[in-house]
Amino acid sequence: MPSADAISHADGHTNGHANGHANGHTHEDVKGFKNPSLQVTADHRLKMVDAPIREPGPGEVTLQVKCSGICGSDIHLWKSGRIGSLEVKGDCVLGHEAAGVVLKVGEGVTSLKIGDRVGIEPQEPCEKCFLCMEGRYNLCENVKFSGIWPDAGSIQRIPDELSYSEGALLEPLSVILHGIKGANVQLGRPTLVCGAGPIGLVALAAARASGAHPLVITDIDQGRLDFAKEFVPGCQTYRINSKLGAQENAVEIRKLYGDDEYSAPASVMECTGVESSVCTAAFSVRRGGTIMVIGVGRPVMNNIPFMHLSLAEIDLKFINRYRDTWPAAINCMTGGVIDLNKIVTHKFSLLKALDAFELSADVRNGSIKVHIVDEVDGSL
């Protein structure tokens, strides 16, 4: 991580994975590596290895990844070896929030050239199943996803005014752009965001850009709530009280909006995936409202208040990654609709990737989004 030697088809789809720069670099841990990469093993270890650099075939390109963000799912894959049914079964290069530059083009490539700057949409669907034919390619059962076994991806050219760091933020922004569509977030309607981690903060910014008001964000960590208040001025914060149950916390959250049912949040974007938080969201949203669960959680949740959701006709929805969001994400960032730069609190060189993961894995370290950058100019 960050991934580089991504092999891209001319229509934008990619396969393959590697990392780092292609003209070599030296470090005490990776001396002589031409393509240093961070991999996770099936027994939950992280290691730096010299990944192979593949030649691009017909319709493919080779990329150097210049910046890659650490996602919560990367930490899950490291610590637990799986996310739901997705399991690390062998050495796997981590990283799917990435941007880079084209180093080499294969035969027949006309849409990209050497030196083009690109963002990486890290999924490659089969393009043959009924879901792909319907345009719902993120649900393809045979999709290949970069940094999650097996690895693959696709690319989108990014404009010069976007930095590589901003290009790497297109992926988490895409998650929220997909989720906010179904969350029914609207201008002037009360909205709640559960979780002030990186995804929750992006959701908060998107909700504000969409005109949602009043806007409240919750978390168990006061430091992250303080950050949220600075990041999106005008929002309100609520620190979850661990001594209270989900319904009791929801009562306190609702007080921030008003005294009647209509004043309660019409939309909730749940960005933790934690069962207690999903339950709090269920009791916080108003009758007839919408909960969009964006966070990744346990395979089974047994305590969701089913009858409360049913009797109040609350829509409980879920998303899986994203589809057709990169152009909109690029427009949001280049147009100044959303500025996410502040959430990048730490940057590490590629050769310090292990340190980056150690920092990111512990919320007590105060990081929000950690980026791993490769400042060496690669060549092939």
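Placed above this text is the structure.
Residues numbered from 1 in each chain as written. Predicted model: local features only at pLDDT ≥ 70, side-chain atom pairs only at ≥ 80, totals over all residues. Heavy atoms only, no water.

**Notes on the packing of aromatic side chains**
Applying the stated criterion to the full structure yields three aromatic pairs. Plain terms: the ring middles of Tyr-322 and Trp-326 are 5.1 Å apart, the flat faces sit at 70° to each other, and that makes the pair edge-to-face. The burial state of Tyr-322 is the same as that of Trp-326; both residues are buried. We note Lys-79 situated over the ring of Trp-78; from NZ or CZ to the ring centre the distance is 4.0 Å. Taking NZ or CZ as reference, Arg-117 lies 4.7 Å from the ring centre of Tyr-164, over its face. (Phe/Tyr/Trp six-rings, centres within 6.5 Å; stacked < 30°, edge-to-face > 60°. Buried < 20%, exposed > 50% of the residue type's maximum accessible area, 1.4 Å probe, protein only. Lys NZ or Arg CZ within 6 Å of the ring centre and 35° of its normal.)

**Side note on helix H8 (residues 275-284)**
Counting buried positions over the ten residues of H8 gives nine, a clear majority of the element. Restricting attention to buried positions, one finds in H8 the residues Glu-275, Ser-277, Val-278, Cys-279, Thr-280, Ala-281, Ala-282, Phe-283 and Ser-284. Considering only its buried residues, H8 is in contact with strand E14 (191-194), helix H7 (246-255), strand E17 (267-270), strand E18 (290-293) and helix H9 (306-311). (Helix = DSSP H or I, 4+ residues; strand = E, 2+ residues; numbered from the N terminus. Contact = heavy atoms within 4.5 Å.)

**Observations concerning the side chain of Thr-325**
Relative to the helices and strands, Thr-325 resides in the loop between strand E19 (315-318) and helix H10 (326-334). In contact with Thr-325, other than residues within four places in its own chain, are Ser-174, Leu-177 and His-178.

**Describing the packing of helix H4 (residues 170-182) against helix H5 (residues 198-209)**
H5 packs onto H4 with a crossing angle of 55° between their chain directions and a minimal axis gap of 9 Å. Put simply, H4 runs oblique to H5. Between H4 and H5 lies a crossing whose hand is right-handed. Across the interface between the two elements, Pro-172, Leu-173, Val-175, Ile-176 and Ile-180 of H4 pack against Ile-199, Val-202, Ala-203, Ala-206 and Ala-207 of H5. Broken down by class, the residue content of the contact of H4 with H5 amounts to ten nonpolar, no polar and no charged. (Axes fitted to C-alpha atoms, helices over the stretch in contact; angles between N-to-C directions. Parallel < 35°, antiparallel > 145°, perpendicular 65-115°, else oblique. Left-handed = near helix turned anticlockwise from the far one by under 90°. Nonpolar A, V, L, I, M, F, W, Y, C, P; charged D, E, K, R; others polar.)

**Section: the sheet that holds E19**
Pairing in this open sheet of six strands is parallel, and the strands run E16-E15-E14-E17-E18-E19 from one edge to the other. Single-partner strands in this sheet number two, and they are strand E16 (236-239) and E19. For this sheet the average axis-to-axis angle between neighbouring strands, irrespective of direction, equals 20°. Pairing analysis gives four bridges linking strand E15 (residues 215-219) to E16, with the strands arranged parallel. Across the sheet, the residue bridging to Val-216 is Gln-236, located in E16. Contacts from helix H6 (residues 222-231) reach E15 and E16, with the element oriented near 175° to E16. (Pairing = 2+ DSSP bridges.)

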